[in-house]
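Topology and contacts: notes
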Amino acid sequence: MTRESIAETIIGIIKEVMPHDDCSTLQDDDVPFANRINMDSMDFLDVVLALQKKYKIEIPDEDFGRLRNMKSTLDYLESRLKA
Amino acid sequence: MYRDRIVITGVGLTAPNGNSLSEFRKNLIEGRSGVSLYKDRLMGEVIAGVCNYDDTKYQTKKDIRRGTRAASIGIYCAHEAVKDANIDLEKYDKSDIGIYVGITEHGAAEAVDEMFSIKDFEYNTKYVSHYFSPKSIANNPAGEVCLNLGITGPHYTLGAACAAGNIGLIHGAQMLALGEVSLAIAGGVSESIRAFLSFASFKNEGALAKHSDPEKACRPFDKDRNGIVISEGGCLFILEKLEDALARNAKIYAELVGYAINTDATDYVVPNRQRQEQCMIKALQRAAIRPQDINIINSHSTSTPLGDRTEGGSINSIFGNDDSVYITNTKSYIGHTMGAAGALELAGELPSFEDDIVHHSLNLDNLDPNCMITNIVRKEPIKVNNIKYVLNNSFGMLGINSTVIVRKYE
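Bear in mind that the values here come from a model prediction, so they are computed numbers and not experimental data.

Looking now at the overall build of chain B. Scanning chain B from N- to C-terminus turns up 14 helices and 15 strands. Scaling as 2.2 N^0.38, a compact globule of 410 residues should have a C-alpha radius of gyration of about 22 Å, and chain B matches this with 20 Å. Along the longest, intermediate and shortest principal axes, the C-alpha atoms of chain B span 65 × 50 × 40 Å. Counting only residues that meet the buried cut, chain B has 62% of its 410 residues in that class. A separation of at least 24 residues holds for 79% of the contacts in chain B among residues at least 6 apart in sequence. Total accessible area on chain B stands at roughly 15400 Å², and carbon and sulfur atoms take up 48% of it. Mean positive and mean negative side-chain charge positions of chain B (42 and 50 charges, respectively) differ by 1 Å.

Structure below.
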């Protein structure tokens with residue numbers, strides 16, 4: 001599983017959760033999702049739940065802070081999926 | 001009966017055979033059914049009434065995903081009712097508007113969806129959506145309407161089994177009469193087809209309709225009737241005090257002149273003829289009219305063997321000698337829209353005050369004499385001179401009965 005394919009999955013999930021937002025601006029950097037798309041706390045929880053289901057992993061609440069931008073989310077998922 | 005006279009000035013609805021009052025009424029007059037086959041995840045193909053309104057007309061896809069079908073139906077109906085009443089909500093004090101939505105049940109569909117969503121994860125509760133709570137709470141169908149329309153007055157649902165549509169309307173009128181609100185958006189909604197439990201429960205009770213042709217499955221008072229058709233739908237009315245409606249030169253569909261609600265207190269599911277009679281008589285007394293003053297009875301008529309026999313008997317005992325009282329029903333067209341039924345079925349009769357037509361009951365090939373119904377409209381609509389009063393019955397499980405009487409406004 002490549003970093004690029006994980007990024008595609010994340011963007012696909014965000015598009016499903018937020019069908020009216022333009023996700024083309026999301027990049028592998030540390031700009032918070034909420035700065036680029038209209039993601040509120042409920043949307044964020046939806047994305048986290050979908051990621052857990054997609055990758056069949058449990059993401060503990062204390063790790064949520066690592067999922068606020070694309071770069072840290074990818075770093076986090078890469079390490080979890082390798083484990 | 002009331003300190004103030006309460007009138008209906010707007011109608012918003014979605015039914016399996018129409019997404020506006022004009023379309024719905026046209027299909028009732030033309031005998032067009034809305035019952036079809038519906039695929040349930042567990043039950044497979046079942047006979048049901050499914051609505052096809054445009055759910056993105058008043059909601060974003062995101063809001064639809066966050067919310068429930070019942071609320072989506074409610075939001076559609078509320079917007080359509082406001083539009084129909086020619087009301088500009090921005091000119092109203094939104095804290096002075098009440099949302100009262102009758103429901104048969106709420107939460108079953110949401111629970112079923114959630115169970116399916118965690119099934120592939122060995123029912124690990126970690127995967128339960130955080131949206132389950134706001135979706136499944138009993139006030140959801142009314143609360144989402146407020147969220148969508150920015151209404152800050154009271155909102156809640158009224159759980160009243162299959163009498164709920166009538167009771168939503170009655171409650172809205174009561175709150176207006178009490179001065180709790182100056183405008184009420186009231187009626188009922190149902191999303192019951194979204195939970196296999198409804199189909200399974202009625203089937204296991206021997207009360208779910210079976211027929212090779214879905215459109216012929218719901219056949220109230222027919223000898224071959226064998227159960228109900230479960231449907232979704234919704235209808236919300238704009239209710240106002242007469243003086244407010246007149247002050248803004250509103251179109252007035254009808255005046256609510258009588259109603260009654262009572263309880264059998266005899267069984268969980270078996271209806272009680274005597275209590276139904278008492279309910280209708282009380283509504284007539286409150287309207288201060290005689291049985292023969294009624295022009296149209298829209299019967300509850302679930303199409304179950306016992307339900308129709310009981311209601312036929314109760315209607316016959318009060319109206320049996322009056323040839324001028326015409327009986328019809330809506331379920332033969334759209335099935336049982338549960339929490340919406342009372343409101344939708346009344347709505348379909350309101351245009352009769354203008355066109356003086358009584359639509360017929362579908363699928364009534366062989367009238368069951370045991371039902372003792374004598375003056376039911378069959379085969380085709382009939383023209384009646386000067387329709388003035390409509391009586392609408394809605395009864396439900398745990399023995400809840402309701403009757404609403406509306407009068408033509410002249």
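Having seen it, we continue.
Let's shift gears to the interface of chain B and chain A. In this assembly, 15 residues from chain B lie in contact with 20 residues from chain A. Summed over both partners, the interface of chain B with chain A buries about 1500 Å², with 54% contributed by carbon and sulfur atoms. The largest share of the area that chain B buries against chain A comes from Lys-126, Tyr-127 and His-130 of chain B, three residues that together contribute 40% of it. Put simply, chain B and chain A have five salt bridges between them. Of the charged contacts, one joins Arg-66 of chain B and Asp-40 of chain A as a salt bridge, the two residues approaching to 2.7 Å between their closest N and O atoms. Counting across the interface, chain B meets chain A through 11 residue pairs in polar contact (both at pLDDT 80 or more). The biggest single contributor to the side of chain B that touches chain A is helix H2 (residues 61-66) of chain B, with four residues.

The subject of this paragraph is helix H1 (residues 21-29) of chain B. All names here are of chain B. Those residues of H1 that sit buried are Leu-21, Phe-24, Arg-25, Asn-27 and Leu-28. Projected onto a plane normal to the axis of H1, the buried residues spread over an arc of 165 degrees and lie on a single side. Contacts made by the buried residues of H1 are with strand S1 (6-14), helix H12 (331-334), helix H13 (341-349), helix H14 (352-355) and strand S12 (357-358). Of the residues flanking the end of H1, it is Gly-31, one or two places downstream, whose phi is positive at about 70 degrees.

All names here are of chain B. Scanning the model with the defined rule gives six aromatic pairs over all chains in all. Relative to Tyr-127, the ring of Phe-121 has its centre 4.5 Å away and its plane inclined at 40 degrees; by these criteria the two rings are tilted. Seen from the ring of Phe-116, Arg-41 lies directly overhead, with NZ or CZ sitting 4.2 Å from the centre. One cation-aromatic arrangement involves Arg-286 over Tyr-259; the distance from NZ or CZ to the ring centre is 5.1 Å.

Right, let's talk about the pairing of strand S9 (residues 254-263) of chain B for a bit. The two faces of a sheet get side chains in turn, since along a regular strand they alternate between them. Residues and elements named next belong to chain B. Judged by how many residues are buried, S9 sits mostly within the fold: eight of 10 residues are covered. Looking at chain direction, S1 and S9 are connected through three bridges and run antiparallel. What sits directly across from Ile-8, in S9, is Ala-254. The pairing of S9 with strand S15 (residues 400-407) spans eight bridges and is classified as antiparallel. When the bridges of S15 are listed, Gly-258 appears paired with Ile-405.

Moving on to the sheet that holds strand S7 (residues 230-231) of chain B. All names here are of chain B. Pairing is mixed across the open sheet formed by three strands, whose spatial order is S2-S3-S7. At either end of the open sheet lies a strand with only one pairing partner, and these are strand S2 (35-40) and S7. One ladder, built from six bridges, connects S2 with strand S3 (residues 44-49); its direction is antiparallel. Residue Lys-39 lies in a different strand from S3, and its bridge partner there is Glu-45.

Moving on, we get to the pattern of salt bridges. For side chains of opposite charge, pairing can occur when their charged atoms come near one another. What the rule picks out here adds up to 33 salt bridges over all chains. Between Asp-113 of chain B and Arg-41 of chain B there is a salt bridge whose closest N-O contact spans 2.7 Å. In this pair, Asp-113 of chain B is assigned in helix H4 (residues 108-119) and Arg-41 of chain B in the loop between S2 and S3, connecting sequence segments 72 residues apart. The residue Arg-219 of chain B makes a salt bridge to Asp-365 of chain B at a minimum N-O spacing of 2.8 Å. Of this pair, Arg-219 of chain B sits in the loop between helix H8 (196-204) and S7 while Asp-365 of chain B is found in the loop between S12 and strand S13 (382-383), placing the two residues 146 residues apart along the sequence. Note on Arg-219 of chain B: relative accessible area 5%, which makes it buried. Three or more residues joined by partner-sharing salt bridges are found here, namely Arg-3, Asp-28, Lys-71, Asp-75 and Glu-78 of chain A.

A word on the packing of helix H7 (residues 164-178) of chain B against H13 of chain B. Residue and element names in this part refer to chain B. Running from amino to carboxyl end, H7 crosses H13 at an angle of 80 degrees, the nearest separation of the two axes being 4 Å. Between H7 and H13, the angle falls in the class roughly perpendicular. In contact with Gly-165, Asn-166 and Leu-169 of H7, H13 contributes Gly-342, Ala-343 and Leu-346. Its residues assigned to classes, the contact of H7 with H13 comprises three nonpolar, three polar and no charged.

Reading the values: rules and limits
- Residues numbered from 1 in each chain as written.
- Chains lettered and ligands numbered in written order.
- Predicted model: local features only at pLDDT ≥ 70, side-chain atom pairs only at ≥ 80, totals over all residues.
- Heavy atoms only, no water.
- Helix = DSSP H or I, 4+ residues; strand = E, 2+ residues; numbered from the N terminus.
- Rg over C-alpha atoms; globule rule 2.2 N^0.38 Å.
- Buried < 20%, exposed > 50% of the residue type's maximum accessible area, 1.4 Å probe, protein only.
- Contact = heavy atoms within 4.5 Å.
- Areas by Shrake-Rupley, 256 points an atom, 1.4 Å probe, with all protein chains shown as cover.
- Lys, Arg positive; Asp, Glu negative; His and termini not counted.
- Charge placed at Lys NZ, Arg CZ, Asp CG, Glu CD.
- Buried area = accessible area lost by both parts, 1.4 Å probe.
- Salt bridge = Lys/Arg side-chain N within 4 Å of Asp/Glu carboxyl O.
- Polar contact = N/O pair within 3.5 Å; in protein donor to acceptor, adjacent residues only side chain to side chain.
- Arc of directions from axis to C-beta.
- Phe/Tyr/Trp six-rings, centres within 6.5 Å; stacked < 30°, edge-to-face > 60°.
- Lys NZ or Arg CZ within 6 Å of the ring centre and 35° of its normal.
- Pairing = 2+ DSSP bridges.
- Axes fitted to C-alpha atoms, helices over the stretch in contact; angles between N-to-C directions.
- Parallel < 35°, antiparallel > 145°, perpendicular 65-115°, else oblique.
- Nonpolar A, V, L, I, M, F, W, Y, C, P; charged D, E, K, R; others polar.

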